[in-house]
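Examining the three-dimensional arrangement
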Amino acid sequence: MKLSKKVISLVLTLALIVSCVTVVCVSTSAYTGDGSTTEALGGYYSTNLNDACGVRKTISIDGDISDWDSSMLIAQGVANDDPRVYRPSSMHEVPVDSYALYACWDDDNLYLMWEMKNLQDIVAPNDDYPLSQGWLYDWADMPYYLVFDLGSGKYGDGTVANGETIWQSGITFDTHIDTWMCNSMNFWNGPYIYKTNDQGKFVYNETKHSEIKMEANKNQSVSTHIYGIEGGYGKYHNRVPGDTLLSTSNWMDYSETKHDTKLDYFYEIAIPLSTLGITDDYIENTGIGVMHIQSFGTSGMNSLPFDPSMTDNADKEYTKEPSGSNEKEDEDHITVPLARIGVCSGSVHPTLPSVIPTQAPSSQETQPTSEIPTEKPTQAPTHKPGTLILGDVDLDSSVTITDATMIQKALAKIFTLTDAQALCADINSDGVDITDATLIQKYLAKYTIPYPIGEPIGEEPTETPTQAPTEAPTQAPTSSDIDFSDPNTIFVCDDAGWNSVYIHYWGSAETKWPGEQMQKVGTYNGYDLYSYTLTTSVDGIVINIGSNQNQTRDLTPPGAYKVLLTSTKEFTDVN
């Protein structure tokens, strides 16, 4: 996998360098001797453009972006280039769209800031979940990484002694790195800093660095333009991996649209230089390298500077959920240079002809959503009132993109389908899942579908259907049947859809991470309920998904009549 991804990355980069008739190219600086095996990307991307390597300045980490300015930009990304836009049915997911990385330093700290964009209101407004849940710093326990070249000479490829990648991220490097910081987007799990040993292997250090200060906030930006390609939904709008390297793509400046900037947000962080083991003199006289990588649990989904491995498998399906992108689980092999801070001395890539559009496409306001065709079939069948139609989830007697969206929302547990809606949503008669939403989208795009979407399937039931869901009579006990009175039993309601729940505890006895798997014992408010009975006195517990990728903070066993919700990661009273 690593070799194939490296080849793809090299091919995409060569396309950028050689095909300047169709590729947007600008001057980008790079540092020689950094181990990178492909050029820094140009076009709308840039790394240390015109030798900009950050500035000396003290920043207040307070959620106010006014301390930052464009002189501190060290890596420029592209908007609307996150992996979900390359899949035909994953625009219901929240984007992880890294846009720009900034840096500065003073006597004591290294300061970094990165902007995140959420263009859902322009690209796919009908999928409204990312509009209400888009600020990932509020809730997402998904890792982000900061990787550094601090000049130790003990360079690693991103693996630990047993050959695994850090936090099972699937991310490895040709480019020199010797320090790796891991944290979660909601700041609950970290930050941790890992360094390489003499063999170039990263060594886990479970010390949380509370001296590192972090903040996030929304509706503030240093960037005055938001360049990106129009559209999502993969092949339905000609979105293919590598399109961000081509000037012939449908580029636009989203800042010239009616984009609501309240959806955009940023992170800022102060890392004490003593924590990194460097000084301000070292930054100013030698320089360091950095890259920000954003994950969706494991694999990288976006990076600053951008590496083509972030989207090389974006159009392939995620094995755990076909609507998602394979980028959630693939291996990413980084080959481009890191962004330099302090000193940018090194080669400057040739300045190539720029073909950046002078203005955004004029059609953007007349076609604001650029969605999959939503019109009803040309000859929509006429059915008598009360007739159920396969694919007509909203029961309005026609099949449109809204019906696919309703399935996605139901799977995300935003609302519950009625019995009639579930019958209409189950396209392939195997239970309602994301495949049904995809089949509706293909039907609307006029693909040949082996199911009679748009055709009658029966009368709408006026009372309980004779073919009620078979799961109901055989369901596990509900909360009303479960005894919550044992203070030694920990209960977890999986309302966030983890699907596997573990408990790690410590005290008079301690489990080995990630702990013991909790057993499903029934349902609670319609969601799977798990439990585990402690047989010894413990001081603390952490509930997790079976890895570092999703977990609670350190908790104290709550006693009787409490249940933890995976959505909030906190205990609440049993209702």
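Each remark here, short or long, concerns the structure printed above.
Report on the accompanying structure. (Residues numbered from 1 in each chain as written. Predicted model: local features only at pLDDT ≥ 70, side-chain atom pairs only at ≥ 80, totals over all residues. Heavy atoms only, no water.)

Within the protein chain one finds nine helices and 30 strands. Looking at the 575 residues of the protein chain, the share that counts as buried comes to 55%. Counted over contacts in the protein chain with a minimum sequence separation of 6, partners at least 24 positions apart contribute 72%. Accessible area for the protein chain stands at about 23600 Å²; split by element, carbon and sulfur atoms hold 49% of it. (Helix = DSSP H or I, 4+ residues; strand = E, 2+ residues; numbered from the N terminus. Buried < 20%, exposed > 50% of the residue type's maximum accessible area, 1.4 Å probe, protein only. Contact = heavy atoms within 4.5 Å. Areas by Shrake-Rupley, 256 points an atom, 1.4 Å probe, with all protein chains shown as cover.)

This part takes up helix α8 (residues 434–444). Burial runs high along α8: eight of the 11 residues are buried. Looking only at α8, the buried set comprises Ile434, Asp436, Ala437, Thr438, Leu439, Ile440, Gln441 and Leu444.

Attention now moves to the sheet that holds strand β30 (residues 570–573). Hydrogen bonds between backbone groups are what pair the strands of a sheet, and the pairing can be parallel or antiparallel. Reading across the sheet, the five strands line up as β26-β27-β23-β29-β30 and stay open at both edges, with mixed pairing between neighbours. Only two strands of the sheet have a single partner each, and these edge strands are β26 (519–524) and β30. If you compare each strand with its neighbour and ignore which way they point, the axes differ by 35 degrees on average. Across five bridges, the pairing between strand β23 (residues 489–493) and strand β27 (residues 527–533) is antiparallel. Residue pairing for β27: Val492 is matched across the bridge by Tyr530. (Pairing = 2+ DSSP bridges. Axes fitted to C-alpha atoms, helices over the stretch in contact; angles between N-to-C directions.)

We now examine the sheet that holds strand β28 (residues 538–544). In spatial order, the strands read β25-β24-β28; together these three strands make up an open sheet with antiparallel pairing. The open sheet has two edge strands with one neighbour each: β25 (516–517) and β28. When strand β24 (residues 502–507) meets β28, the two strands line up antiparallel, connected through six bridges. Residue pairing across strands places Ile503 opposite Ile543, the latter belonging to β28.

From the geometry alone we can't say anything about function, so treat these as descriptive.
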